Amino acid sequence: MFSTLRQKLVLAVVNAAARGNPLAKRAMAHETRKFLETLPAASPIVRGDFQIPDLDRPLPEARQGGMFGDYELMPLEHQVATAAKICGRRIENMQNNLGSYGMGGYGFFGLDLGGEWLVVPIHLAAMWLVLDGRPFDGPKEKRPWILDGNDQLALERMVGATIINAEFAKDHLKIVLDNEAVISIDADPRSRARFEGTGHPRAFLDSDDLASAVFLSPSPEIYV
């Protein structure tokens, strides 16, 4: 009997929250935070056998336009990004929605360095990275560069600039451009944007190594 009453109570709260009841919405947020806090810590770095399109092997016309594009896929050779490989190169474009599993995306951050992409394979990386101290993406009160999906301000700040210095470390990175723009993930989790669900700081696991995860790809079309 008590189980049935609890189910009815939970359903009533969910329905009230959906109708916009502020007390019910706060109760739902509280329960969501409690649930999220019970989950084991997970690495924000996405790893796997990355694949990219093989432009020499188009799919038959009947199979094109599907979840995995228009070409056969081939393994992406893991080429770790280093300062020596990217310094002196000009930024041609930026994307913050790279990385796909066919049905959806991971939100990797990528910089087009002219035929080769520098990729930060963090889930929703734009929520971790900052440009000149402001987040690429996040709540409007944080003054993000990307607002309502419009990344024009970020592009204007970076495109055409040349990378003059870079540092990739276990728990942080920093890329300095010749127009004095700085792209970074700070080493201190307390300075990063917090997760909306739990309010916890964004943090790497002790076993993570960001420096070995950031890579270069000849294509922005990356499948995991």
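Relevant structure appears above.
This is a predicted model, so every value here is computed, not measured.

1. A word on the overall build of the chain
Link 1 in the chain: For the chain, the count of helices and strands is five helices and 12 strands.
Link 2 in the chain: Taking all 224 residues of the chain together, 37% fall into the buried category.
Link 3 in the chain: Considering only intrachain contacts with a sequence separation of at least 6, the fraction spanning at least 24 residues in the chain is 54%.
Link 4 in the chain: Summing over all exposed atoms, the chain offers an accessible surface of approximately 13,000 Å²; the carbon and sulfur share of this is 53%.

2. Things to note about the pattern of salt bridges
Link 1 in the chain: On inspection of all chains with the given rule, the structure shows seven salt bridges.
Link 2 in the chain: Note that Arg57 is salt-bridged to Asp54, the shortest N-O span being 2.9 Å.
Link 3 in the chain: Across the pair Glu72 and Arg63 runs a salt bridge, and its minimum N-O distance is 3.9 Å.
Link 4 in the chain: Given a relative accessible area of 28%, Glu72 falls into the partly exposed group.

3. As for the sheet that holds strand S10 (residues 173–177)
Pairing between the strands of a sheet is mediated by backbone hydrogen bonds and can be parallel or antiparallel.
Link 1 in the chain: Ordered in space as S8-S7-S11-S10-S9, the five strands form an open sheet in which the pairing is antiparallel. Looking along the sheet, the strands with just one partner apiece sit at the ends: strand S8 (134–135) and strand S9 (163–168).
Link 2 in the chain: Direction of pairing for S9 relative to S10: antiparallel, over a ladder of five bridges. Bridging across to S10, Phe168 finds its partner in Leu173.

4. Quick notes on the side chain of Arg202
Link 1 in the chain: In this structure, Arg202 sits in the loop between strand S11 (182–185) and helix H5 (210–213).
Link 2 in the chain: For Arg202, the side chain forms a polar contact with the main-chain oxygen of Ala193, separated by 3.1 Å.
Link 3 in the chain: Arg202 has contacts with Met127, Trp128, Pro189, Arg192, Ala193, Arg194 and Phe195, leaving out every residue within four places of it along the chain.

5. Re the packing of aromatic side chains
Link 1 in the chain: In this structure the tally under the stated criterion is six aromatic pairs.
Link 2 in the chain: Ring plane angle 55° and centroid distance 4.9 Å describe the contact between Phe109 and Phe136, whose orientation is recorded as tilted. Of this pair, Phe109 sits in strand S5 (residues 105–112) while Phe136 sits in the loop between S8 and helix H4 (152–158); the two residues are 27 residues apart in sequence, bridging distant segments of the chain.
Link 3 in the chain: Assessed through its relative accessible area of 2%, Phe109 is described here as buried.
Link 4 in the chain: On the basis of an interplanar angle of 35° and a centroid distance of 4.9 Å, the ring pair of Trp128 and Phe204 is categorised as tilted. Here Trp128 is found in the loop between strand S6 (117–120) and strand S7 (130–131), whereas its partner Phe204 is found in the loop between S11 and H5, with 76 residues between them in sequence. Each member of the pair, Trp128 as well as Phe204, carries the same accessibility label: buried.
Link 5 in the chain: Over the ring of Trp145 we find Arg134; its NZ or CZ atom is 4.2 Å from the centre of that ring.

6. Let's talk about the layout of surface pockets
Link 1 in the chain: Empty space within the second largest pocket amounts to approximately 330 Å³.
Link 2 in the chain: Lining the second largest pocket are 18 residues, with Pro135, Lys142, Ser191, Arg192 and Ala193 positioned closest to its centre.
Link 3 in the chain: Top element by residues in the lining of the second largest pocket is S11. It accounts for three residues.
Link 4 in the chain: Looking at the lining of the second largest pocket residue by residue, the class counts come to eight nonpolar, three polar and seven charged.

7. A few points about unusual backbone geometry
Link 1 in the chain: One non-glycine residue, Arg143, lies in the positive phi region at around 55°.
Link 2 in the chain: Mapped onto the elements, Arg143 comes out in the loop between S8 and H4.
Link 3 in the chain: Although it is not a glycine, Asp148 adopts a positive phi angle of roughly 50°.
Link 4 in the chain: Relative to the assigned elements, Asp148 resides in the loop between S8 and H4.
Link 5 in the chain: Asp148 gets classed as exposed once you look at its relative accessible area, which sits at 70%.

Parameters and conventions
Here, residues in each chain are numbered from 1, in the same order as that chain's written sequence. Restriction of local features to residues with pLDDT of at least 70 applies here, the model being predicted, together with a cutoff of 80 or more for giving and counting side-chain atom pairs; totals for whole chains, interfaces and linings are based on all residues. With hydrogens and water set aside, each side-chain value is computed from the structure's full complement of heavy atoms. Here a helix means four or more residues in a row that DSSP labels H or I, a strand means two or more in a row labelled E, and each is numbered from the N terminus. Relative accessibility under 20% of the residue-type maximum defines a buried residue, over 50% an exposed one, and the middle range a partly exposed one, all with a 1.4 Å probe and only protein chains included. By definition, residues are in contact when any of their heavy atoms lie within 4.5 Å. For every accessible area listed, the method is Shrake-Rupley and the probe measures 1.4 Å; residues are considered covered only by the protein chains on display. Counted as salt bridges are all cases of a side-chain nitrogen of Lys or Arg within 4 Å of a carboxyl oxygen of Asp or Glu. Strand pairing is assigned whenever DSSP identifies at least 2 bridges connecting the two strands. We call two N or O atoms a polar contact when they sit within 3.5 Å, provided that within protein one can donate a hydrogen and the other can accept it, with sequence-adjacent residues counted only if both atoms are side-chain atoms. Only Phe, Tyr and Trp rings take part, Trp by its six-membered ring, and two of them pair if their centres are within 6.5 Å. Stacked means planes under 30 degrees apart, edge-to-face means over 60, and tilted covers everything else. Whether a charge sits over a ring depends on NZ of Lys or CZ of Arg being within 6 Å of the ring centre and within 35 degrees of the ring normal. Each cavity reported here is a set of points on a 1 Å grid over the protein atoms alone in which a 1.4 Å probe fits but cannot get out, each pocket an open set with protein on both sides within 12 Å along at least five of seven lines, and each lining residue one with an atom within 4 Å of a point. Grid points are joined across faces, edges and corners, and a volume is the space filled by probe spheres set on the points. Each residue gets one label: Ala, Val, Leu, Ile, Met, Phe, Trp, Tyr, Cys and Pro are nonpolar, Asp, Glu, Lys and Arg are charged, and the others, such as Gly, are polar.

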